[in-house]
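Structural features, examined
The chain contents come next:
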Amino acid sequence: MGYELLTLERDDHDIATITLANGKVNALSGELVAEIHEAAKELASAPPAAVIVTGGERIFAAGADISQFGGPEEAAVIGPQIHAAFDDLADLPCLVIAAVSGYALGGGCELALACDYRIASEKAVFGQPEILLGIIPGGGGTQRLPRVVGASKAKEISITGRQVAADEALRIGLADEVVEHEQLHARAMQLAQTIAAGPRVAQAICKRVIDGGLQLSLADGLRLEQEAFVEVFKTEDSQIGVKSFLENGPGKASFVGH
Ligand code: COA
């Protein structure tokens, strides 16, 4: 499929970058959400080493396209479309990094929350302003935001609809890192490249078990970990990594990715 509202690039390190490019404010119209979903499916069919999701310099994404809102019937279509697209992105078997510059509001914030890790420029502004429209977040915000910042802070942010600047986002864990505006893409790429040199299957298993365990009791999560701990020792990279440590010390292994 050709993309018109985003670009999907894949570099020599096998790092994929999705850049939203839907006009001035990167409104998450039905069409853009469909393209994000298509990009997630394309990446799932041949997983890269890491994914970077980014938007515009001044606006990462201004949320769902408000001009496409109607009544309950439209909401019954829009919500599941966004959930399906963001879930497929979140489920990719590699680290998905949001590089957030400027406003990440509503669906923009929810898109960043669907990513595994958020790097924000010092000019980033997050928020779930849906309440100011008399509605609630519908792209995962009521569920992913409390899992990241805790229920009380998520309620305060979503029920006031206020904006959260980068320094506060860092303090409450909504942003994992804040970097100088000019350094945003370099830092996201640096992290992605570090990951690209790692044992991919083990990385995918690690992500799967962390995400899977968050849905479970601690006891069931620990069982999940134990099964995966056995599974990971079946990879060639586990043999390479252990042998390399014993012979050369930590961090020197050359992994093959399986
Ligand atoms: N959906 C549709 N159109 C949007 C939009 C959205 N989510 N966000 C902004 N726009 C439109 C504005 O209506 C405006 O249209 P116009 O040029 O035809 O008048 C244009 O984009 C520029 O917006 P404007 O508010 O003038 O730009 P700004 O730079 O002053 O502010 C934002 C940018 C993103 C801070 C501000 O537009 C905003 O708060 N947007 C809404 C965010 C929101 O509520 N998202 C949740 C949606 S459920």
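Structural data are supplied above this passage.
In what follows, the accompanying structure is described. Just so it is clear, the structure is predicted and the values come from calculations on it, not from any experiment. (Residues numbered from 1 in each chain as written. Predicted model: local features only at pLDDT ≥ 70, side-chain atom pairs only at ≥ 80, totals over all residues. Heavy atoms only, no water.)

Direction vectors running N to C along helix 4 (residues 141-149) and helix 5 (residues 151-160) enclose 130 degrees, while the axes themselves pass 7 Å from each other. On the basis of the axis angle, helix 4 is oblique to helix 5. The handedness of the crossing between helix 4 and helix 5 comes out as right-handed. Across the interface between the two elements, Leu145, Pro146 and Val149 from helix 4 touch Ala151, Lys153, Ala154, Ile157 and Ser158 from helix 5. Residues of the contact of helix 4 with helix 5, tallied by class, amount to 6 nonpolar, 1 polar and 1 charged. (Axes fitted to C-alpha atoms, helices over the stretch in contact; angles between N-to-C directions. Helix = DSSP H or I, 4+ residues; strand = E, 2+ residues; numbered from the N terminus. Parallel < 35°, antiparallel > 145°, perpendicular 65-115°, else oblique. Left-handed = near helix turned anticlockwise from the far one by under 90°. Contact = heavy atoms within 4.5 Å. Nonpolar A, V, L, I, M, F, W, Y, C, P; charged D, E, K, R; others polar.)

This part covers the pattern of salt bridges. A complete count under the given rule lists 12 salt bridges for this structure. Between aspartate 116 and lysine 207 there is a salt bridge; the shortest N-O distance is 2.7 Å. One end of the pair, aspartate 116, is in the loop between helix 3 (107-114) and strand 7 (117-121); the other, lysine 207, is in helix 8 (residues 200-213), with 91 residues separating them in the sequence. Given the relative accessible area of 24%, aspartate 116 is considered partly exposed. One salt bridge connects glutamate 177 with arginine 187, and the closest N-O pair in it is separated by 2.7 Å. (Salt bridge = Lys/Arg side-chain N within 4 Å of Asp/Glu carboxyl O. Buried < 20%, exposed > 50% of the residue type's maximum accessible area, 1.4 Å probe, protein only.)

This part takes up the nonpolar core. Of all hydrophobic cores here, the largest spans 48 residues; its most connected members are Ile18, Val51, Val53, Leu89 and Phe126. Within the second largest apolar cluster, 14 residues are counted, among which are Ala49, Ala99, Leu191 and Ile195. (Core = buried A, V, L, I, M, F, W, Y, C linked by side-chain atoms within 4.5 Å.)

Let us now look at the sheet that holds strand 9 (residues 163-165). Judged by pairing direction, the sheet is mixed, and its 4 strands sit side by side in the order 4-6-8-9 without closing on themselves. Where the open sheet ends on each side, the last strands, each with one partner, are strand 4 (59-61) and strand 9. Mean inter-strand twist for the sheet, computed between neighbouring axes without regard to direction, equals 20 degrees. Of the strands in this sheet, strand 4, strand 6 (103-105) and strand 8 (125-127) touch helix 3, which is tilted by about 90 degrees from strand 6. (Pairing = 2+ DSSP bridges.)

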